[in-house]
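Coordinates in review
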Amino acid sequence: MATPVDYGDLEFTRPAKQIKAVNLPAVPQRIFDGMKQYEDAARGFATLGFERTAKDTNGKEILGGIIVAHRPADAQVTQLYRMPTDPSSTEMSRLTYFDIGSGRTISTFREILEDDWRGVRRRGGAIMVMDLNGNEHFQLWRYWEDSLADQVLPKVQGELDNAPGLGRIERLTYDDYRYGSIVMSQTNNLMAFASNKENNKDTLVYVTRLVDSNTGAKADASPFILPSRLVAPSTGEGTTMYSPQSFSLDDKYLLIRRQYGSSYNALYAVDISEKQVLPPKLIEFPGATEKAEDSTFYDVAFSHNVNLPHLIYCATNGYGDFASIVTYDLDTASVTHITTSGAAIQAIRSILWEIEDLKVASDNIVFTVNVEGWTSLFFMPLSGSHKNTVIEVKVAWERGWLTFQTNDLNDKPYELTLHLTSYHSRGRITYLDLLPLLNNVKKDENGNAYVLASVLPYVQAAPPTVAHEVPPTLIRYKSFDGLEVPAIYYRPAGQSVAPVIIHIHGGPESQATANYRTPTHSYLLNELKIAVIYPNVRGSSGYGKKYMAADDVLKREDSVKDIGALLDHIASNMQNELDSSRIAVAGGSYGGYMSLNTAAVRRAARRREYGDETIPEIREFLDRISPINNASKITIPLLITHGENDTRVTVHEAVSMYKVVSKNVHTELIICEMEGHGYKQKSVIEFTNAADILFLERYLLSK
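The following refers to the structure shown. (Residues numbered from 1 in each chain as written. Predicted model: local features only at pLDDT ≥ 70, side-chain atom pairs only at ≥ 80, totals over all residues. Heavy atoms only, no water.)

1. Regarding the sheet that holds strand S26 (residues 354-360)
The six strands are arranged S26-S27-S28-S29-S34-S33 in an open sheet whose pairing can be described as mixed. Strand pairing shows two members of the sheet lacking a second neighbour, S26 and strand S33 (442-443), which therefore form its edges. Taken together, the two bridges between S33 and strand S34 (residues 449-453) define a ladder with antiparallel strand orientation. Residue pairing for S34: Lys-443 is matched across the bridge by Ala-449. (Pairing = 2+ DSSP bridges. Helix = DSSP H or I, 4+ residues; strand = E, 2+ residues; numbered from the N terminus.)

2. Some details on unusual backbone geometry
Residue Pro-164 follows Ala-163 across a cis peptide bond; omega there is 0°. Its location among the elements puts Pro-164 in the loop between strand S12 (139-144) and strand S13 (168-171). One non-glycine residue with positive phi stands out, namely Asp-251, at about 60°. Looking at the secondary structure, you find Asp-251 in the loop between strand S18 (242-247) and strand S19 (253-261). The exposure class assigned to Asp-251 is buried, which follows from its relative accessible area of 13%. (Buried < 20%, exposed > 50% of the residue type's maximum accessible area, 1.4 Å probe, protein only.)

3. Thoughts on the nonpolar core
By size, the foremost hydrophobic cluster in this structure holds 36 residues, and its most contacted members are Ile-31, Ile-501, Leu-524, Ile-670, Phe-687 and Ile-693. When contributions to this core are tallied by element, the ones reaching two or more residues are strand S1 (19-22), helix H1 (29-42), strand S37 (484-490), helix H2 (519-526), strand S39 (531-535), strand S42 (667-672) and helix H8 (682-699). Residue contributions to this core peak at eight residues, all from H8. By size, the runner-up hydrophobic cluster in this structure holds 33 residues, among which are Ile-112, Phe-138, Ala-192 and Tyr-268. (Core = buried A, V, L, I, M, F, W, Y, C linked by side-chain atoms within 4.5 Å.)

4. A look at the pattern of salt bridges
The final tally for this structure, using the stated rule, is 32 salt bridges. A salt bridge links Arg-142 to Asp-115, with the nearest nitrogen and oxygen atoms 2.7 Å apart. You can see Arg-142 sitting in strand S12 and its partner Asp-115 sitting in strand S9 (residues 114-115), a full 27 residues away along the chain. This pair shows no difference in class: Arg-142 is buried, exactly as Asp-115 is. Between Lys-682 and Glu-686 there is a salt bridge, and its shortest N-O distance comes to 2.9 Å. Of this pair, Lys-682 and Glu-686 both sit in helix H8, separated by four residues, roughly a single helical turn. (Salt bridge = Lys/Arg side-chain N within 4 Å of Asp/Glu carboxyl O.)

5. As for the layout of surface pockets
Of the voids in this model, the second largest pocket is the one considered here, and its volume is about 520 Å³. Lining the second largest pocket are 30 residues, and of these Glu-51, Ile-62, Leu-63, Gly-64 and Gly-65 lie nearest its centre. For the lining of the second largest pocket, the secondary-structure elements that each account for two or more residues are strand S6 (79-83), S12 and strand S31 (412-421). Its residues placed into classes, the lining of the second largest pocket shows nine nonpolar, ten polar and eleven charged. (1 Å grid on protein atoms, 1.4 Å probe; cavity = no way out; pocket = protein on both sides within 12 Å on 5 of 7 lines; lining within 4 Å. Points joined across faces, edges and corners; volume = space filled by probe spheres on them. Nonpolar A, V, L, I, M, F, W, Y, C, P; charged D, E, K, R; others polar.)

Shown next as structure tokens:
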């Protein structure tokens, strides 16, 4: 961590709740008023999954619904809701009301069948992963509703005040360590999670029982601390970073992944069936064409087929530049290629783009493919006349970014919710049943199977839309070394030559996609007539691992040169559309090059990407390109906003930058209280957005 910088000497104003501002002019009310329609449209809806159908204390079956995350207009942070699976219903009931005065994040809400940790059965509900103040020190929590419990528990010590919500929320871990990556067994007997609680350095894997737990805890008000056993201990070499992936159907094996960096991880199997757990066993995929240290595995899941309990599905780039779907059988050590592309590889259907999301269900697999920032949906039945046929689902919509959930928990693997985000909508939820589509499978000119699909909207889970939205265009430009760099471009309607803002994504292993942007995005286009370009410079994900590695370590500044090439491209090739004399550059997270002073818990996983700072030559290079050591070169106005509780890039980095740059040029600083790496609170989001607009009005449009 960086040496703390005292910022008590700065003169702050407090123009909004949870905001401390330095050298910031008053933001006029007209901007807040003008932004309101865009802020409302940005409060989209997201699905956290289908609930399991459960039985109440009388044995009556209670149908599970769909859990939805949404920030209502009057709430400071996102809350949880339940709506019926039937898309003809317009009902939606609010489950959570708690506000603990911070930008807390519910990163996971994993539905379970039941637990008996306190000696009584609590059916349904979920295990939550949530931090308390944006610092990402996530803890584990149990959400349940009394109507599905054998006994109504008294108010538990440390229980959140969720009145008047239906649910109750009990804390399961009581420390400042980090917990996450929770995985439930298919039998609902076991839960695995990752934590650094062993030594505050290594992230290891633990398993606990959900039922027949025999914890000895009572159904009283005393706090309950979750018991667990360590199944993947530290290797003792450097920093160990494990995460659980999937339990086999027979609860014999647990798959875990060891993270070495963003571009390298390895897959292991642990036999958890014995009291004495053996060390994790490395899974080596036969015929891999790529080096192990250049390969990754994700969306790893065991089969749900009782006849193939040890069959593994996963996405991996071990067989090429792009990640593809393969299966691996633990019993036979054999691999089957589902989407791998390669001349020497026989796949069911070759797809030469990145697999984005893969879910394994009882009778199918469903996945999305990232095609230059737009997603396409596919599925493959595991039985019937279309068994092992990869089928594209051509959904009728404006296209953009699509995610999905399957209702396999309730034995409906073909029933999906689709979360659609695009230039038109921040996030709306729709319903799709794949099963009837199998009656009308078509073939394209290449013989590939596809179906046409229309979705049914959940009208209660659709944000308002803005009257005039600008669709994105994919552009490409040549960089200094001839590399072609893609970018997502939005041009304001009715504008001949427009000023432009270049927005650089974080990561750096991330990607600018056709996803909907922040509320300021549409305001810039519609109200200020400013064009926006989101470049995917080298180092971005989505274009294969060679492209993603093209900015590693000593090649770091090549990605900066990609931005310089974009400036040249605007001046020489887009002069009829964009004003090259009026350009602003914005970015968050990685965009500031503050990687050198990130927290130690993240540093080990970043060394392959940024370089090992313990090597003197690398340290010298990182020091040389560090923004704080080049801050005096900044000669144009700068606005900095930062979360005070950010543990990835500490607030001291922002304060240090402000103190150096403000000596030479006008600089503004906003520190967001009780926020971390990204903003969650209504007052913070709305104020920082308005401050961004004012800054651009003054320094981009006034030229």
